[in-house]
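A look at the structure
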Amino acid sequence: CPQMAPIHFNLLESAARPLGYNLVVLKDCTPNTVDIGLRYVNNDACYPAILTTGQMIEALQSGKFNPDKTALIMSQTGGGCRATNYIGFIRKALKDAGFEKVPIVSFNIVGMERSNGFKITPKLIENILKAVIYGDIMQKMLYKNRVYEKNKGETQALYELWMNRIKDLIKNGTYKQFKQSMYDIVNDFEKIELDTSIQKPKVGIVGEILIKYHPFGNNFVINKLEEEGAEVVMPDFMGFIYFICTHKITFNTLIKLLKILERDYKKALSLSKKHYMPPADIWELEDSVKDILSIGNQTGEGWFLTAEMIEYIHHDVPNIICVQPFACLPNHVVGKGVIKSIRAKYPDANISPVDYDPGA
């Protein structure tokens, strides 16, 4: 599985392995990864397609995996986006690279590209959703505490300790332990002493889902911002899952189940004195954009990207970087295209769009 969001994807292996899948997330990207991607994917494809395809071909060429006993897996939403063509890009790349027999599994909930031997079961969904919520809470703990900690390195050490515990909880823990762990995580990070005598400017990041989270894809923008003295605020990954579920009325029940799963996560955050940005309600987000653009904008990140910017502004995060692959049409509409309207409504909004491609 190619990398997308390091904190969250670091936990996916633990979610899949108890169910018999030896999932391996390809964690590293280098300039060589990009070169391989460009060799096998036309350069007018979006940057995420080049990165992910490059990772897959690079892994198969490394000799670490037996092509006769290896499959590739790729998530798809099925929307009107270049990402929907990823499977086609990868099939052509595999054929050109001499790995035509390697199967590709499409991970989606809309019935695309059905795969023999791989089943999306309720237990797999439960494990993945737990991994996503754990990723969201650890992301908040890491970025808030790391920039203000009095004892440098303390946050990273506690983060790594908890990530190892979480992997075991996903594999072997009960639902009761999952709920309790939300409070335990927040309580442990609450003990980290912060120096908030100088308030750092908050910078939120929105944009295309892979470029938003993938450090190599966004040229390590989080590290750069922290080096410049900012506190980075990242959106919850679960928000995007909620957004996908709003596409169909039949998924409303699923949204209710997701809210139940998130209940203790939200409550644990509310008990903290460190002012973490709370997870948003998807219906409130939907209402917040209706005077900016139509919620019929569902391609790519759709109206949800605009809503994330408004959510940041409502939580006193006026500085926003909107990241997208070069020539990503949906993001040009719902990212760059709404900046003027957002600034008219929120004069303090300070939004900088940044495009990324292999040469950026």
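See the structure printed just above.
Below, the structure is looked at part by part. Worth saying up front: this structure is predicted, and the values here are computed from it rather than measured.

1. Some points on the overall build of the chain
From N to C terminus, the chain includes 16 helices and six strands. Here the chain has a C-alpha radius of gyration of 20 Å; the compact-globule value for 360 residues is 21 Å, and the two agree. A total of 360 residues make up the chain; the buried ones form 53% of that total. Contacts spanning at least 24 positions in sequence make up 72% of the contacts within the chain whose residues lie at least 6 apart. Only carbon and sulfur atoms are counted for the fraction: they give 53% of the accessible area of the chain, which is about 16,700 Å².

2. Remarks on the packing of helix α6 (residues 122–146) against helix α11 (residues 237–245)
Helix-helix packing is described using two parameters, namely the angle between the two axes and the distance between the axes. The contact between α6 and α11 brings their axes to 8 Å, and the two run at 135 degrees. As summarised for this structure, α6 and α11 are arranged oblique, according to the angle between their axes. Note on element contacts: α11 touches α6 through Phe 237, Met 238 and Ile 241, opposite Leu 129, Val 132, Ile 133 and Asp 136. Counted by class, the contact of α6 with α11 contains six nonpolar, no polar and one charged residues.

3. Focus: the nonpolar core
The biggest cluster of nonpolar side chains holds 103 residues, and the ones touching the most others in it are Tyr 134, Met 138, Ile 185, Phe 189, Trp 303 and Ile 342. Considering each element in turn, this core owes the most residues, 12 residues, to α6. In contact with Phe 189, other than residues within four places in its own chain, are Met 138, Met 141, Asn 145, Thr 155, Leu 158, Tyr 159, Trp 162, Lys 274 and Tyr 276. Ile 36, Cys 46, Tyr 86 and Leu 94 belong to the second largest nonpolar core, which has 21 residues in total.

4. Topic: the pairing of strand β3 (residues 202–207)
Here β3 lies mainly inside the structure; five of its six residues are buried. Bridging between β3 and strand β4 (residues 231–233) involves three bridges; their strand directions are parallel. Bridge pairing links Gly 204 to Val 233 in β4. Pairing geometry for β3 and strand β5 (residues 319–325), over five bridges, is parallel. Of the residues in β5, the one forming a bridge with Gly 207 is Val 323.

5. A short note on the packing of α6 against helix α7 (residues 154–172)
As a packed pair, α6 and α7 sit with axes 10 Å apart at the nearest point and diverge in direction by 170 degrees. In this view, α6 runs roughly antiparallel relative to α7, as classed from their interaxial angle. Counting all contacts with α6, which are made through Asn 127, Ala 131, Tyr 134, Met 138, Met 141, Leu 142, Asn 145 and Arg 146, the residues of α7 involved are Thr 155, Gln 156, Tyr 159, Trp 162, Met 163, Ile 166, Leu 169 and Ile 170.

6. Some points on the environment of Ser 341
Relative to the helices and strands, Ser 341 is located in helix α16 (residues 339–345). By relative accessible area, Ser 341 is classed as partly exposed at 34%. Sequence spacing of Ser 341 and Asp 291 is 50 residues, and the spatial spacing of their C-alpha atoms is 9.2 Å.

7. Points about helix α4 (residues 47–61)
With 15 residues, α4 extends 21 Å from end C-alpha to end C-alpha; this agrees with the ideal 21 Å at 1.5 Å per step. Of all 15 residues in α4, 13 are buried, a share of seventy percent or more. Following α4 by one or two positions, Gly 63 has its phi on the positive side, about 85 degrees.

Analysis parameters
Residues numbered from 1 in each chain as written. Predicted model: local features only at pLDDT ≥ 70, side-chain atom pairs only at ≥ 80, totals over all residues. Heavy atoms only, no water. Helix = DSSP H or I, 4+ residues; strand = E, 2+ residues; numbered from the N terminus. Rg over C-alpha atoms; globule rule 2.2 N^0.38 Å. Buried < 20%, exposed > 50% of the residue type's maximum accessible area, 1.4 Å probe, protein only. Contact = heavy atoms within 4.5 Å. Areas by Shrake-Rupley, 256 points an atom, 1.4 Å probe, with all protein chains shown as cover. Axes fitted to C-alpha atoms, helices over the stretch in contact; angles between N-to-C directions. Parallel < 35°, antiparallel > 145°, perpendicular 65-115°, else oblique. Nonpolar A, V, L, I, M, F, W, Y, C, P; charged D, E, K, R; others polar. Core = buried A, V, L, I, M, F, W, Y, C linked by side-chain atoms within 4.5 Å. Pairing = 2+ DSSP bridges. Expected span 1.5 Å × (residues − 1).

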